[in-house]
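Here is how the chains run, residue by residue.
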Amino acid sequence: MSEQKQQRDKVAKKALLGIIEQFYDQFEHQKVPNIVMPTRTKANIEYNNDSEVWVYGDSTSVRSAKTVKGANQILKMSYVVELLIKEHLENNRGSTLRELYYISENWDIAKFNEQPESDRMIEDLEIISALQREYFHMRPEEDGATLFGSLKLKETTKRGERIIHCRDDVGEGGYQIPFNVENVEFLEHDAKFIIAIETGGMHARLIENGFDEDHNAILVHLKGQPARSTRRMLKRLNEELDLPVVVFTDGDPWSYRIFASVAYGAIKSAHMSEFMATPAAKFIGVQPSDIVEYDLSTDKLTDQDIKALHSELSDPRFDSEYWKTQIQLQLDIGKKAEQQAFAGKGLDFVTQRYLPERLTEMGII
Amino acid sequence: MAQPIAEELAKKQRAISIAEFFEKNRQILGFDSAPRSLLTAVKEGVDNSLDACEEAGILPDIMVSIEDAGGENVGLVIEDNGPGIVKEQIPKIFAKLLYGSRFHAIKQSRGQQGIGISAAVLYSQLTTGRATRIISKIARDKPAYYYELIINTSTNEPEILEEKIVDWDRSRGTRVELEMKASYVKGRRQSVLEYLKSTAIVNTHARLTLVEPDGNTIVFERAVDIIPEPAQEILPHPEGIELGTLIKMLRYTDRQKLAPFLRYSFSRIGLQTAEEICKVAHLDPESDPHNLQLADAKKIIDVFKKVKISAPPTDCLSPITESLIYKGLEKEYSVDFIATVSRAASVHSGHPFLVEAGIAYGGSLGKEDRVNILRFANRVPLLYQQGGCGITHAIENIRWKNYSLNQPGGSIPAGPAVIIVHVASTHIPFTSESKDAVADVPEIMAEVELALKDVGRKLKIFLSKQQHLSRRREKEEIIKKLLPRIAAKVSQVLDKPTPDITPIVAKVMGNLLVQRRVSKNGDGYQVEIDIRNYGDAAFAIKLHDTHQYPVRDAHPEPKTISMGRDSDHTWKLNLKAGERETIRYHLPFVSEEEANALPGLIVEGADEAMVNGAKAVRGYVDE
């Protein structure tokens, strides 16, 4: 085990023990066990000027064993913390959220009734301890996304350390981002920027056309709404290697939200925003103005699309002149376009024309 | 010279029959829309059957059958096991408007004007051109008569199209078959099904059977085998009688002298009261009522108001009774709680009336919906014009929040409840001829409010008991199951001894916690007794600490009584919610073993369930 990992496990254990000690102290001081949490509602989300991401505000709520609901939560939390300390951290094991739900089957009245309940408990522990679930060895369900490009890194795995070059040592699928990005150490690179791509089709197009080599780019596949580890990876690449990040998605309201979760953080995981959001990330396209400019083949906006666009107009994360103009334009033309729409101009159009032009415009190349 | 115009006009002026009038104004009688026309016809037929059965002392067994007759028409059959109708009366009862037995009697009955079923016959012939068929039989050994009838609208007289004796496999009863332009609807308040359901609730002695057009049969079974006491007929009560009515009575009476006229024409006027009325009105008790003038009649009316006359007798009313409303609601709804009330009789404008009410709560009733209101007048469900009804207005006047029901917008309350109100009277003041809504008569509304407040209070008591129980259960779950496990788990994780959860139990329960601690002090031991009130009510208690050791430097000072070898030290304590008190004393010359084995403390004057850390005994504690 690397020294860094040992250090992180120590921090996690201390934080988790602190929660249990707090309950014990409360018993000793004849206080009904309770725990104070930030209120996890939309109303308690605010923009942090320093980190430029959305985080929880000052409003808190108390879970107390005075009510059945509160007592139940504290009991379940005690069981989960015990598992995390004794199984995960002391025995160097890990489980997925789904597994946690099944493990609780044996906990009698402390067992979870449904998985969202145990998922929420892990989020609670993240908020209380100010540590990410990766510190507790909680693995996500889904695969991390993939990364392709001229980047050499060292990953600490269960079976020892591996040194991997993310273009020369991997197949066309790319390097799989591990669930715990903290186990990765960047060794060397000759990249100028990172391009995060929403769809598999476009990701493959850029690899096939050698876009990474032509422009010294690292290609990251977002696979739709990006997983935590993918967002964390983007942030680390941006901050530690000082590489600009651009996000390339479809031209529809749902894709803009994918960009927003990369750049500003998601409301559901606001407690993790400072850890996972990359405020410096820029949106490269597909822009509504591209639909007009390149006369891309399009689909009509559905009622849901229109509703989503209107809701984005009032979303503080999109409160900029750029987004207001683009969204309004999209509402006016009533159309949306996929990344693949560029293929209508020829298979090389996106790598030869669109991206180089946009990147130049944005001052990245 | 031309004729005067009045003579010309006079040629066109003639009397119109009541049948002709209703031919043109059928909406007055409730035959406006297609669904409502069917409902009105069913209602009139069933009301007649119920009234007839009750008068004859027969347990009603009534069948309503509805068939699709093609086009916009339906066929309706209503059959009862009632006393039957004598042959001669059949045509008049079914085919002559304003013919009936109840109009002139002052007593509670469903129908009054004698319009109902003949109006249905009229509507049937107007909309389909068909005659109405009637079979009636009055006894097992009498023949069953069959009639086909229509109404001659210009004369309001029955026309008999066919008359014969038929075979009928019933021992007794009446069957009427009508065809009319109407429609059968389901799934709404104003439907035949809901009408029969409501009727079944307040007529627990009746069996009602509905055969729907698709052949589906629904039976509302009777809950009791007792026929309600038939209402008695009474004389008019002087209070509220109108001048014109009095003049008519004076002119057509058979009595020759005023005092006996008063005595025998009104209820509650005896010999003495009749004399007193004459005296106060300065009228000769011997005078002939036929000779009295308008001014004299006015005087009599004035004196009726001045002289004390008892309220009208109430045996003319036939209440459903508290227990039968209860049974009716229980039979038709699946609920957690029912309260009913039957109020004493009261008077409006000289007419006796009484109000009965009930609330059914919980069970399968919708939680968010408006409360379902069932209105009844003389046991007849009122289905239309709920918003314009005095009963509804009385319900809206009540502040239901006081009785644990929501009342959005201050109108009809919301929650899983049914409210039932029955007004029984010799004269129900309806707002219109179609008898859908009771007028806003202040006396009736006041009685409705009092009745509902009464059942509302019972509901509130039930609900607060429920709430208290569930809170208690919840706390018990925390204390018995959750807290001990939390304590065990956290101590297991930390590998520390399991903490004492008693003080926290007291906090959660809101109880009195008594704790005694001893600690070494000089040549003996210091004792501290903590008493904390975690509840939200005050405790007035006596604390007993009974042992054999002498107590020194006690603060506060106890009252000590010697009990043989032991002494009983008592402190009288008053602890308000959240208050805490500490008693301290010193025990010289005791060993550690002795100090740690002091007998348990006793709290006198508090419930056992309310005390933690000491034994509780009931007892009297003066303040």
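Here is a short report on the structure shown in this document.

**Remarks on the overall build of chain A**
Line of reasoning, step 1. Each helix and strand in chain A was counted, giving 13 helices and 17 strands.
Line of reasoning, step 2. For chain A, the residues scored as buried account for 57% of the 365 residues in total.
Line of reasoning, step 3. Partitioning the intrachain contacts of chain A with sequence separation of at least 6 by distance along the chain shows that 72% fall at a separation of at least 24.
Line of reasoning, step 4. On chain A, roughly 16,400 Å² of surface is accessible, and the fraction owed to carbon and sulfur atoms is 46%.

**Quick word on the overall build of chain B**
Line of reasoning, step 1. Helix and strand counts for chain B come out as 15 helices and 24 strands.
Line of reasoning, step 2. Counting contacts in chain B only where the partners sit at least 6 residues apart, residues at least 24 apart contribute 69% of the total.
Line of reasoning, step 3. Accessible surface, chain B as shown: approximately 30,000 Å² in total, 48% of it carbon and sulfur.

**Regarding the packing of aromatic side chains**
Residues and elements named next belong to chain A.
Line of reasoning, step 1. The tally for this structure, following the rule as stated, stands at 24 aromatic pairs over all chains.
Line of reasoning, step 2. Ring geometry for Tyr-294 against Phe-342: centres 6.1 Å apart, planes inclined by 75°, an arrangement best described as edge-to-face. A residue pair is termed long-range when its members are at least 10 positions apart, and Tyr-294 in the loop between helix 10 (288-293) and strand 16 (299-300) and Phe-342 in the loop between strand 17 (335-336) and helix 13 (349-361) qualify at 48 residues.
Line of reasoning, step 3. By relative accessible area, which is 10% here, Tyr-294 ends up buried.
Line of reasoning, step 4. Here Phe-342 falls in the buried class, since its relative accessible area comes to 1%.
Line of reasoning, step 5. Seen in terms of ring centroids, Phe-342 and Phe-349 are 6.0 Å apart; in terms of plane orientation they differ by 25°. Their pairing is stacked. Note on accessibility: Phe-342 and Phe-349 belong to one class, buried.
Line of reasoning, step 6. Cluster of aromatic residues (ring-pair linked, three or more members): Tyr-256, Phe-259, Tyr-264, Phe-283, Phe-318, Tyr-322 and Trp-323.

**Thoughts on the interface of chain A and chain B**
Line of reasoning, step 1. Contacts between chain A and chain B engage 26 residues on the former and 27 residues on the latter.
Line of reasoning, step 2. The largest contributions to the chain A side of the interface with chain B come from Tyr24(A), Phe27(A) and Gln30(A), which together make up 33% of the buried area.
Line of reasoning, step 3. The tally of links from chain A across to chain B stands at 2 salt bridges.
Line of reasoning, step 4. Note that Asp108(A) and Arg485(B) form a salt bridge whose closest N and O atoms lie 2.4 Å from each other.

**Examining the environment of Ser61(A)**
Line of reasoning, step 1. Looking at where Ser61(A) falls in the secondary structure, it is placed in strand 4 (residues 60-64).
Line of reasoning, step 2. Considering only alpha carbons, one finds Ser61(A) and Thr39(A), 22 residues apart in sequence, at a separation of 5.6 Å.

**Quick look at unusual backbone geometry**
Line of reasoning, step 1. Of the consecutive residues Gly285(A) and Val286(A), the connecting peptide bond is found in the cis state with omega at 5°.
Line of reasoning, step 2. Here His555(B) and Pro556(B) are connected by a cis peptide whose omega angle stands at -5°.
Line of reasoning, step 3. Structurally, Pro556(B) is set in the loop between strand 18 (552-555) and strand 19 (559-563).
Line of reasoning, step 4. Phi angles above zero are rare outside glycine, and Asn92(A) is one such case at about 50°.
Line of reasoning, step 5. Topologically, Asn92(A) is positioned in the loop between helix 2 (68-89) and strand 5 (95-96).
Line of reasoning, step 6. Judged by its relative accessible area of 24%, Asn92(A) falls in the partly exposed class.

**Describing the sheet that holds strand 19 of chain B**
Residues and elements named next belong to chain B.
Line of reasoning, step 1. Taken together, 5 strands build an open sheet; the order of strands is 19-20-17-22-24 and the sheet is mixed. Every interior strand has two partners, whereas the edge strands, strand 19 and strand 24 (615-617), have only one. Taken pair by pair, the neighbouring strands of this sheet meet at an average axis angle of 25°, ignoring direction.
Line of reasoning, step 2. Taken together, the 5 bridges between strand 19 and strand 20 (residues 566-575) define a ladder with antiparallel strand orientation. Counterpart to Ser-562 in the pairing with strand 20 is Ser-567.

**A word on helix 4 (residues 115-129) of chain A**
All names here are of chain A.
Line of reasoning, step 1. Taking 1.5 Å per residue, 15 residues should reach 21 Å; helix 4 reaches 21 Å between its end C-alpha atoms and fits that length.
Line of reasoning, step 2. Of all 15 residues making up helix 4, 11 are buried, and the element is well covered by its neighbours.
Line of reasoning, step 3. Once helix 4 finishes, Ala-130 follows within two positions and takes phi at roughly 55°, a positive value.

**Topic: the packing of helix 11 (residues 303-313) of chain A against helix 12 (residues 321-333) of chain A**
Residue and element names in this part refer to chain A.
Line of reasoning, step 1. Interaxial distance between helix 11 and helix 12 falls to 10 Å at its minimum, and their mutual angle equals 155°. By the angle between their directions, the pair helix 11 and helix 12 is classed as roughly antiparallel. Both helix 11 and helix 12 take part in a crossing whose hand is left-handed. Contact residues: Ile-306, Leu-309, His-310, Glu-312 and Leu-313 in helix 11; Lys-324, Ile-327, Gln-328, Gln-330 and Leu-331 in helix 12.
Line of reasoning, step 2. Its residues placed into classes, the contact of helix 11 with helix 12 shows 5 nonpolar, 3 polar and 2 charged.

**Focus: the pairing of strand 6 (residues 173-181) of chain B**
On any regular strand, side chains alternate: one points to one face of the sheet, the next to the other face.
All names here are of chain B.
Line of reasoning, step 1. Most of strand 6 sits out of view: 7 of its 9 residues are buried.
Line of reasoning, step 2. Here 8 bridges tie strand 2 (residues 73-80) to strand 6, and the two strands are oriented antiparallel to one another. Along strand 6, the bridge assignment pairs Glu-79 with Arg-175.
Line of reasoning, step 3. Where strand 3 (residues 132-137) meets strand 6, 5 bridges bridge the pair, whose relative direction is antiparallel. What sits directly across from Ile-135, in strand 6, is Arg-175.

**What to know about the pattern of salt bridges**
Residue and element names in this part refer to chain B.
Line of reasoning, step 1. In total, this model carries 46 salt bridges over all chains according to the counting rule given.
Line of reasoning, step 2. The salt bridge partner of Arg-36 is Asp-436, with a shortest N-O separation of 2.7 Å. Pair noted here: Arg-36 is in helix 3 (residues 34-56) and Asp-436 is in the loop between strand 14 (417-425) and helix 13 (442-494), with a separation of 400 residues, a long-range link.
Line of reasoning, step 3. Residue Asp-436 is classed as buried on the basis of its relative accessible area of 4%.
Line of reasoning, step 4. In this structure, Glu-286 engages Lys-257 in a salt bridge whose closest nitrogen and oxygen atoms are separated by 3.3 Å. Highlighted residues: Glu-286 in the loop between helix 9 (271-280) and helix 10 (294-306) and Lys-257 in the loop between helix 7 (243-252) and helix 8 (258-265), separated in sequence by 29 residues.
Line of reasoning, step 5. When salt bridges that share partners are traced, they join Glu-79, Arg-133, Asp-169, Arg-170, Arg-175 and Glu-177 into one network.

**Thoughts on the side chain of Arg228(A)**
All names here are of chain A.
Line of reasoning, step 1. Structurally, the position occupied by Arg-228 is in helix 7 (residues 228-240).
Line of reasoning, step 2. Classification of Arg-228 as buried rests on a relative accessible area of 11%.
Line of reasoning, step 3. Here Glu-126 takes part through its side chain, which lies 2.6 Å from a polar atom of the side chain of Arg-228.
Line of reasoning, step 4. In this structure Arg-228 touches Glu-126, Gln-132, Arg-133, Glu-134, Met-272 and Met-276, once residues within four positions along its chain are discounted.

**Notes on the packing of helix 2 of chain A against helix 13 of chain B**
Line of reasoning, step 1. At a closest axis distance of 9 Å, the pairing of helix 2 of chain A and helix 13 of chain B adopts a crossing angle of 20°. Here helix 13 of chain B runs roughly parallel to helix 2 of chain A, going by the angle between their axes. As for how helix 2 of chain A packs across helix 13 of chain B, the hand of that crossing is left-handed. Of the residues in helix 13 of chain B, those touching helix 2 of chain A at Val68(A), Ala71(A), Asn72(A), Ile74(A), Leu75(A), Ser78(A), Tyr79(A), Glu82(A), Ile85(A) and Lys86(A) are Glu474(B), Glu477(B), Ile478(B), Leu482(B), Arg485(B), Ile486(B), Lys489(B), Val490(B), Gln492(B) and Val493(B).
Line of reasoning, step 2. Counted by class, the contact of helix 2 of chain A with helix 13 of chain B contains 11 nonpolar, 3 polar and 6 charged residues.

**Thoughts on the sheet that holds strand 8 (residues 151-157) of chain A**
All names here are of chain A.
Line of reasoning, step 1. In space, the 3 strands of this open sheet follow the order 9-8-11, with antiparallel pairing throughout. In this open sheet, the two edge strands, each paired with only one partner strand, are strand 9 (160-165) and strand 11 (184-189). Neighbour-to-neighbour, the strand axes of the sheet open up by a mean angle of 20°, direction not taken into account.
Line of reasoning, step 2. Packed on one face of the sheet, helix 7 meets strand 8 and strand 11 and runs near 50° to strand 11.

**Brief notes about helix 8 of chain B**
Residue and element names in this part refer to chain B.
Line of reasoning, step 1. Buried within helix 8 we find Leu-258, Ala-259, Phe-261, Leu-262 and Ser-265. The buried residues of helix 8 all sit within an arc of 160° when viewed along its axis, so they share a single face.
Line of reasoning, step 2. Check the buried side of helix 8 and you find it contacts helix 7, helix 9 and helix 10.

What counts, and at which threshold
Residues numbered from 1 in each chain as written. Chains lettered and ligands numbered in written order. Predicted model: local features only at pLDDT ≥ 70, side-chain atom pairs only at ≥ 80, totals over all residues. Heavy atoms only, no water. Helix = DSSP H or I, 4+ residues; strand = E, 2+ residues; numbered from the N terminus. Buried < 20%, exposed > 50% of the residue type's maximum accessible area, 1.4 Å probe, protein only. Contact = heavy atoms within 4.5 Å. Areas by Shrake-Rupley, 256 points an atom, 1.4 Å probe, with all protein chains shown as cover. Phe/Tyr/Trp six-rings, centres within 6.5 Å; stacked < 30°, edge-to-face > 60°. Buried area = accessible area lost by both parts, 1.4 Å probe. Salt bridge = Lys/Arg side-chain N within 4 Å of Asp/Glu carboxyl O. Pairing = 2+ DSSP bridges. Axes fitted to C-alpha atoms, helices over the stretch in contact; angles between N-to-C directions. Expected span 1.5 Å × (residues − 1). Parallel < 35°, antiparallel > 145°, perpendicular 65-115°, else oblique. Left-handed = near helix turned anticlockwise from the far one by under 90°. Nonpolar A, V, L, I, M, F, W, Y, C, P; charged D, E, K, R; others polar. Polar contact = N/O pair within 3.5 Å; in protein donor to acceptor, adjacent residues only side chain to side chain. Arc of directions from axis to C-beta.

Nothing here speaks to function; it is all geometry.
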